[in-house]
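Fold and geometry: a report
Listed below, chain by chain, are the residues.
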Amino acid sequence: MSLIVQKFGGSSVSDAEGIKRVARRIIDTKATGHDVVAVVSAMGDTTDDLLDLAGQLTTEPPAREMDMLLSAGERISMALLAMTIDGLGAKAVSFTGSQAGMITDAVHGKARVIDVSPQRVRQAVDRGYVAIVAGFQGMSPDSNDVTTMGRGGSDTTAVALAAALNADVCEIYTDVDGVYTADPRIVASAQKIDKISSEEMLELAASGAKILHLRCVEYARRFGVPLHVRSSFSTNEGTWVLPSPDDKIKIQEGEPLEQPIISGVAHDRSEAKVTVVGVPDVPGKAAEIFGVIAGAHSNIDMIVQNVSTSGKDKTDISFTLPIVEGKDALDALRDAQERVGFEGIEYDDQVGKLSLIGAGMRSNPGVSYKFFHALHEAGVNVDMISTSEIRISVITHADKLDDAVRAVHNAFGLDTDVEATVYGGTGR
Ligand code: ADP
Ligand code: ASP
Ligand code: MG
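Per chain, residues are indexed from 1 in the order of the written sequence. Chains carry letters from A onward and ligands carry numbers from 1 onward, assigned in written order. Where totals are concerned, whole chains, interfaces and linings use all residues; where local detail is concerned, this predicted model gives features only for residues with pLDDT of at least 70, and gives and counts side-chain atom pairs only at 80 or more. Side-chain descriptors were evaluated using all non-hydrogen atoms of the structure, hydrogens and water having been removed beforehand.

1. A few points about helix α7 (residues 214-223)
Counted only if it meets this: Exposure categories follow from relative accessible area, calculated using a 1.4 Å probe and restricted to protein chains: below 20% of the type maximum is buried, above 50% is exposed, and the middle band is partly exposed. Secondary structure counts use DSSP, requiring at least four H or I residues in a row for a helix and at least two E residues in a row for a strand, with both numbered from the N terminus. Whether two residues are in contact is decided by their heavy atoms, any of which lying within 4.5 Å being enough.
Buried residues of α7: Arg215, Cys216, Val217, Tyr219 and Ala220, and no others. Considering only its buried residues, α7 is in contact with β5 (113-116), α5 (154-164), α6 (198-206) and β11 (227-231). Glycine 224 sits one or two positions beyond α7 and adopts a positive phi of about 65 degrees.

2. Considering the site of ligand 2
Rules: It suffices for a single heavy atom of a residue to lie within 4 Å of a molecule or strand for the residue to be listed as near it. Residues adjacent in sequence count toward polar contacts only when both atoms are side-chain atoms; beyond that, a polar contact is any pair of N or O atoms within 3.5 Å, and within protein one must be able to donate a hydrogen and the other to accept it. Here, Shrake-Rupley sampling with a 1.4 Å probe gives the accessible areas, and only protein chains in the shown set may cover a residue. Basically, the charged four are Asp, Glu, Lys and Arg, the nonpolar ten are Ala, Val, Leu, Ile, Met, Phe, Trp, Tyr, Cys and Pro, and anything else, Gly included, counts as polar.
Residues in close proximity to ligand 2 include Ser41, Ala42, Thr47, Glu74, Phe136, Arg151, Gly152, Gly153 and Ser154, which together make up its full environment. Here an oxygen atom of ligand 2 and a side-chain polar atom of serine 41 are 3.1 Å apart. Between arginine 151 and ligand 2, the recorded distance is 2.7 Å, taken from a side-chain N or O atom to an oxygen atom. Contact with the protein chains removes 86% of the 260 Å² of surface that ligand 2 exposes when unbound. Grouping the amino acids of the shell around ligand 2 by side-chain chemistry returns two nonpolar, five polar and two charged.

3. Quick notes on the nonpolar core
We count it as follows: Side-chain atoms within 4.5 Å are what join buried Ala, Val, Leu, Ile, Met, Phe, Trp, Tyr and Cys residues into a set we call a nonpolar core.
By size, the foremost hydrophobic cluster in this structure holds 69 residues, and its most contacted members are Val37 and Met201. Tallying contributions element by element places α5 first for this core, with five residues. What methionine 201 contacts, discounting residues up to four positions off in sequence, is Val179, Ile196, Ile211, Leu212, Val217 and Val241.

4. Observations regarding helix α8 (residues 285-295)
Let me state the cut-off plainly: Regarding the arc, it is the one traced by the directions from the helix axis to the C-beta atoms.
Inspection of α8 places Lys285, Ile289, Val292 and Ile293 among the buried residues, and these make up the whole buried set. For α8, the buried positions fall inside an angular range of 100 degrees around the axis, keeping them on one side. Looking at α8, the residues exposed on the side facing more than 90 degrees away from the buried face are Ala287 and Gly295. Looking at the buried positions of α8, the neighbouring elements they touch are β14 (271-280), β16 (314-322) and α9 (326-340). Of the residues one or two after α8, histidine 297 is the one with positive phi, at around 60 degrees.

5. Overview of the site of ligand 1
Residues in close proximity to ligand 1 total 18 residues, the closest being Thr174, Asp175, Tyr180, Asp183 and Arg185. Between ligand 1 and tyrosine 180, the relevant distance is 2.9 Å, taken from a nitrogen atom to a main-chain nitrogen or oxygen of the residue. Note that an oxygen atom of ligand 1 is positioned 2.8 Å from one of the side-chain N or O atoms of aspartate 183. In isolation ligand 1 has 570 Å² of accessible area, and contact with the protein removes 90% of it.

Shown next, in the form of structure tokens:
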């Protein structure tokens, strides 16, 4: 008998009908002889709604209370799903993250898993129950408090449980049929990818393709958990993310032997651009600035240094970071302005990031030319550029991002005639 971990995202459990559909799916899986552990997200846009509500009450909610609030969303879905399965005549029991043994560090809002001890989940499964676990949340043994793992974190809960329980597969059920060559909400002609290497999936997730939480992909790769991303609204085969770099993609008859050069285009609206203007052009200043940012616990993405618009012997240093970390970073920079000796700070959250990803980029010349040519033809101005071996990313104005994604997707021949199905969700 095999064990399957099934994770259902918010749009899959957005209302009573959705919860019933998911309950029946779990029961069907059990009926085919598998044990099932289900991980659930909060219903629909509950997490965003709770964030909005908190924002109406205070501008600076304590991080601990924010986690108490947001973790409630997943508790609602886990209990509703367990009672629905029970009502349909099967056995189910729900667990909070803490009851399921999700042990994290104490960093509220972006806690990391440090251990998983799912004894209660294992016992429930051994007694014939479907175990339902609240995603996105854990418990810190240092503070004894509830933590959350960052937006989209239920994917990581599922993979961490799958690894700890030695599950045969971790299925991520969502509102599209799998991982596509671009977000099907923006590019209707995007193609579903049947199999993708974890290396490329990591770059896609890190570049903002929110179909999978980045840390879920890292975790799956590290512990060799096979991931199957698919729709909870259809029975179509989804996308397999191959867990380790050594896992060779099995070539089926008729499939081309060479990997495609490009696997997809990702976009991200969650970053802002900060420019530190008029930095003295002497050794050590960049280190001082990034020391300040590190002290504010911000994650820097792209960095560019230019000759300053403000005059000779000065540079401007621009970087991007998550919008949610913008305020703390700006406060820390303002505090350090006099000491570091720069002239000013500019902040722009109307930016978008576009990334082109493909392992074949390494060995195929001309990719950059085609990429920038497509952007030029679409009238998109490029503000910043960064690259890795298998990725090119640019920052553009937010208004131009969708056009840029479609232009690049088309230029690399990724469009197909069949329109991708988006089954649910609001894309929020
Ligand atoms: P869930 O609530 O199931 O976790 P998410 O909203 O987090 O779902 O992720 C699914 C969404 O990810 C899709 O509806 C789609 O709009 C978006 N998405 C972004 N990039 C991609 C991509 N490359 N392939 C498929 N979906 C993508
Ligand atoms: N409910 C959380 C969120 O909206 C976690 C998740 O859905 O994975 O980010
Ligand atoms: Mg998600």
